[in-house]
Amino acid sequence: MTFGRACILTAFAVAIYVVGAGLYGARTGKREWSVSARRGMYVIAGLAIASFVVLELAYINSNFNFSLVALNSSTTTPLFYKLTAIWSSQAGSMLLWITVLGILSSIVLRLTRDTHREGGAWATVVLGVIATFFLSMMVFF
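Since we're looking at a predicted model, the values are computed, not measured. (Residues numbered from 1 in each chain as written. Predicted model: local features only at pLDDT ≥ 70, side-chain atom pairs only at ≥ 80, totals over all residues. Heavy atoms only, no water.)

**A short note on a nonpolar patch on the surface**
Nonpolar side chains collect at one region of the surface, where Ile49, Val53, Leu57, Ile60, Leu79, Leu83, Trp97, Val100, Ile103, Leu104, Ile107 and Leu111 lie side by side and expose about 1,000 Å² of accessible area between them. Elements with a contribution of two residues or more to the nonpolar patch: helix H2 (31–60), helix H4 (79–84) and helix H5 (90–111). Per-element accounting of the nonpolar patch gives the leading share, six residues, to H5. (Patch = residues over 30% accessible without salt bridge, like charges linked within 9 Å, V, L, I, M, F, W, Y side chains within 5 Å. Areas by Shrake-Rupley, 256 points an atom, 1.4 Å probe, with all protein chains shown as cover. Salt bridge = Lys/Arg side-chain N within 4 Å of Asp/Glu carboxyl O. Helix = DSSP H or I, 4+ residues; strand = E, 2+ residues; numbered from the N terminus.)

**Here we look at the environment of Gly22**
Tracing the backbone through its elements, the reader meets Gly22 in helix H1 (residues 3–28). With relative accessibility at 0%, the residue Gly22 sits in the buried group. Along the sequence, Gly22 and Ala91 sit 69 residues apart, while their C-alpha atoms lie 28 Å from each other. Apart from the residues within four sequence positions on either side, Gly22 is in contact with Tyr17, Ala37, Ala121 and Val125. (Buried < 20%, exposed > 50% of the residue type's maximum accessible area, 1.4 Å probe, protein only. Contact = heavy atoms within 4.5 Å.)

**Structural notes on the pattern of salt bridges**
For the structure shown, the criterion picks out one salt bridge. Notably, a salt bridge pairs Arg113 with Asp114, separated by 3.9 Å at the nearest N-O pair. With relative accessibility at 47%, the residue Asp114 sits in the partly exposed group.

**What to know about the environment of Gly92**
Structurally, Gly92 is set in helix H5. By relative accessible area, which is 0% here, Gly92 ends up buried. Residues within four places of Gly92 in sequence aside, it is in contact with Leu68, Ile86 and Trp87.

**Observations regarding the nonpolar core**
One finds Ile44, Leu55, Tyr59, Leu95, Ile98, Leu135 and Met138 to be the most contacted residues of the largest nonpolar core, which totals 33 residues. Listed by contribution, the elements that provide at least two residues to this core are H1, H2, helix H3 (67–72), H5 and helix H6 (117–140). With nine residues, H2 is the largest single contributor of residues to this core. Once you skip the residues sitting within four places of it in the chain, Ile44 turns out to touch Ala11, Val14, Ala15, Val18, Ala131 and Leu135. (Core = buried A, V, L, I, M, F, W, Y, C linked by side-chain atoms within 4.5 Å.)

**Here we look at the side chain of Thr99**
Along the polypeptide, Thr99 turns up in helix H5. Judged by its relative accessible area of 7%, Thr99 is buried. Non-local contacts of Thr99, meaning those with residues more than four positions away in its chain, are made with Ala48, Ile49 and Phe52.

Here it is in structure tokens:
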């Protein structure tokens, strides 16, 4: 198993935790659970970024040990196309979407952590469900 795959599997487990902790925190009003769920979204963002960087470096270095790189790139592909080839496949596109979702969710949850406590808890749950969906597609399909 590669480091990138381990990041995706860990992010999937964390996404399930985010949904559970977020639901518990939002329903019971226990702020520490909502805070934990929000921090879980930060972890998902970090893991998605790490996985994205690993795959991007594999494309840049023409590391054909990665099946995505072997299927969607070659040694004669110009660097610009290698940089953009990551989302040329379904798996790479899903990785791009989960990375964008993780980054933007983390930014929004960080900026609204003190102003929208109750709504933020439910927003974390919704974002966690979306992240769980995308990550489940990457893990199981």
